[in-house]
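# Observations on the model geometry
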Amino acid sequence: MADDGAGFIEQLKSCVVWSWTYFWTVWFFVMLFLVYILRVPFRYTDSLTAVSMFLNTLTPKFYVALTGTSSLISGLILIFEWWYFRKYGTSFIEQVSVSHLRPLLGGVDNSSPSNSNTSNGDADSNRQSVSECKVWRNPLNLFRGAEYNRYTWVTGREPLTYYDMNLSAQDHQTFFTCDSDHLRPADAIMQKAWRERNPQARISAAHEALELEDCATAYILLAEEEATTIVEAEKLFKQALKAGEACYRRSQQLQHHGSQYEAQHRRDTNVLVYIKRRLAMCSRKLGRTREAVKMMRDLMKEFPLLSMFNIHENLLESLLELQNYADVQAVLAKYDDISLPKSATICYTAALLKARAVSDKFSPEAASRRGLSTAEMNAVEAIHRAVEFNPHVPKYLLEMKSLILPPEHILKRGDSEAIAYAFFHLQHWKRVEGALNLLHCTWEGMFHEVSVYPKKELPFFILFTAGLCSFTAMLALLTHQFPELMGVFAKAFLSTLFAPLNFIMEKVESILPSSLWHQLPRI
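About the criteria used
- Residues numbered from 1 in each chain as written.
- Predicted model: local features only at pLDDT ≥ 70, side-chain atom pairs only at ≥ 80, totals over all residues.
- Heavy atoms only, no water.
- Helix = DSSP H or I, 4+ residues; strand = E, 2+ residues; numbered from the N terminus.
- Buried < 20%, exposed > 50% of the residue type's maximum accessible area, 1.4 Å probe, protein only.
- Contact = heavy atoms within 4.5 Å.
- Core = buried A, V, L, I, M, F, W, Y, C linked by side-chain atoms within 4.5 Å.
- Domains from an automatic or database assignment.
- Expected span 1.5 Å × (residues − 1).
- Arc of directions from axis to C-beta.
- pLDDT = per-residue confidence, 0-100.
- Patch = residues over 30% accessible without salt bridge, like charges linked within 9 Å, V, L, I, M, F, W, Y side chains within 5 Å.
- Areas by Shrake-Rupley, 256 points an atom, 1.4 Å probe, with all protein chains shown as cover.
- Salt bridge = Lys/Arg side-chain N within 4 Å of Asp/Glu carboxyl O.
- Polar contact = N/O pair within 3.5 Å; in protein donor to acceptor, adjacent residues only side chain to side chain.
- Axes fitted to C-alpha atoms, helices over the stretch in contact; angles between N-to-C directions.
- Left-handed = near helix turned anticlockwise from the far one by under 90°.
- Nonpolar A, V, L, I, M, F, W, Y, C, P; charged D, E, K, R; others polar.

## Let's talk about the environment of alanine 476
Checked against the element boundaries, alanine 476 lands in helix H22 (residues 460-481). Exposure remark for alanine 476: the relative accessible area of 13% places this residue in the buried category. Separated by 407 residues in the primary sequence, alanine 476 and threonine 69 place their C-alpha atoms 8.8 Å from one another.

What follows is the structure, given as structure tokens:
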């Protein structure tokens, strides 16, 4: 509630600033019109008097033009705001307010950790930045050489987009490189290899690095891109594990000797976790599911803080393959936390477990006659929550849309996440009798109307600009219909507006010598 209140105050500040800016912008153009078009004589002492006399002689047509101009300007701002929102998904005024006005207004970045509790602050900041992230690496992504390339050999087409591969290259540079790589020749070669766009150039660089020494990241690249079967990839990952563990033990002993050694240890940790996770995935693909489950559990126990790899999603899929639903429920109880970023895997797996309890005896006709039982209601609500999180998944699970190979990166709550989930989990839904039938009935909205998510809400400033445009347009219409009455209101408003300024100018004139005012126009 405190965050909501702070956000409202910040929004109110921005609203006041933008309203004030808008008013004085319109007023500036009006004054410009008076001075340069109508040649109103402006002098320092006589300016306010001249303006007041001029405003008293204005016809109602001027007020119509003034309000019409205001409506036109606010309408143009509204059109630009709407175009910017449709193209970039955010409000231009809000973005400028957050970037430039909030520091001037004394706004505080809520994501920065507090100095009083650094460790908790860092954790909250990292959690917030993670939860706001939209594009994630697919935790179940396929092997390029052993799986993706098979599609290319058969069809002659690339299964991955350039954007997806570019994101993977950035991930590799983030996880597998550090600033001290130039100190080790093999790591320096691999640092360049991860930036290469040509797959053959990357593979050649990996072989070159292995000629110098056993390089774990070189083995990783060859296992991912050169190995044509999962068996070959597993052999290369085992060699990578041997080299990675040696580097990890060495950097672990030196990590407290300086920031350079700490960066090396962090990189070696990422490399080791990645290798073990991919080895577990190899075991899963080769049918050794229990071995894969053990490797994943050991990995999560050894490195509990590395949640960025989402190893629990690999574990959930393997446990579902073993039909070990009790352990699946235990994993969900640990990771289905509101403070952690959710995923289609977590939401739909929770729905599958609830559906499993009632789906074998579920009948839409019987449920419509007698109503839903408590267990059926829980299952329906779980499916609703999953569909609200990602509404694209049911069409793939119900085979209403064709599946394609999942990408290496997914957009949370998007179609790519739905493809990645259904590609691996469709078989688990089919294995539970009646689960897809219950999903289909619930998804069609037989019992409840399912909301569509994500549904973008209009930014506040689009609504504010629309209100401002409507208000000024209404003023223009009223001025046109009732010119004399609106003229009286306008003069009263302007008199009230200039009253404090007139008072200040009178005080200044009484304090400063009159000769000074005569000298200013000459200057």
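Now that the structure has been shown, the text picks up again.
## Digging into the side chain of asparagine 141
As for its placement among the helices and strands, asparagine 141 is situated in the loop between strand E1 (135-137) and helix H6 (144-155). When neighbours within four sequence positions are excluded, asparagine 141 is seen to be in contact with Arg277, Arg278, Met281, Pro407 and Glu408.

## Considering the nonpolar core
Of all hydrophobic cores here, the largest spans 88 residues; its most connected members are Met190, Ile220, Phe237, Ile275, Tyr348, Leu397 and Trp429. Lining this core are residues from two domains, each supplying at least three of them: domain 1 (140-302) and domain 2 (342-453). Ignoring sequence-local partners within four residues, the contact set of isoleucine 220 consists of Phe176, Trp194, Phe237, Ala240, Val271, Tyr274 and Ile275.

## Observations regarding helix H13 (residues 289-302)
Taking 1.5 Å as the rise per residue, H13 with 14 residues should run 20 Å; its terminal C-alpha atoms sit 20 Å apart, in good agreement. Listed in full, the buried residues belonging to H13 are Thr289, Ala292, Val293, Met296, Leu299 and Met300. The buried residues of H13 occupy an angular sector of 130° when the element is viewed end-on, so they sit on one face. Projecting away from the buried face of H13 at angles above 90 degrees are the exposed residues Arg290, Lys294 and Lys301.

## Things to note about the confidence of the model for the chain
Per-residue confidence for the chain gives a mean pLDDT of 76, with 69% of residues at or over 70. When the criterion is pLDDT under 50, residues 446-454 qualifies, and its contacts beyond four places in sequence or with other chains add up to 21 contacts.

## As for helix H12 (residues 259-285)
The terminal C-alpha atoms of H12, which comprises 27 residues, lie 39 Å apart, in line with the 39 Å expected from a rise of 1.5 Å per residue. Following H12 by one or two positions, glycine 287 has its phi on the positive side, about 90°.

## Let's talk about a nonpolar patch on the surface
Among the surface-exposed residues, Phe471, Met474, Leu478, Phe482, Leu485 and Phe489 lie close enough to one another that they form a single nonpolar patch of about 610 Å² accessible area. Looking at the nonpolar patch, the elements with two or more residues in it are H22 and helix H23 (483-511). Counting residues per element, the nonpolar patch draws most heavily on H22, at 3 residues. Following the sequence through the fold, phenylalanine 471 ends up in helix H22.

## Here we look at the side chain of asparagine 390
Turning to its location among the elements, asparagine 390 is positioned in the loop between helix H18 (374-389) and helix H19 (393-397). In this structure asparagine 390 comes out as buried when scored by relative accessible area, which is 0%. One polar contact links the side chain of asparagine 390 to the main-chain carbonyl oxygen of glycine 414, over a distance of 3.1 Å. Excluding its chain neighbours within four sequence positions, the residues that come into contact with asparagine 390 are Tyr348, Arg413, Gly414, Glu417 and Ala418.

## A short note on the packing of helix H9 (residues 199-212) against helix H10 (residues 216-225)
Where H9 meets H10, the closest approach of the two axes is 9 Å, and the angle between their N-to-C directions is 140°. For the pair H9 and H10, the crossing hand works out as left-handed. Facing H9, whose interface residues are Pro199, Arg202, Ile203, Ala206, His207, Ala209 and Leu210, H10 presents Ala218, Tyr219, Leu221, Leu222 and Glu225. For the contact of H9 with H10, the residue count by class is 9 nonpolar, 1 polar and 2 charged.

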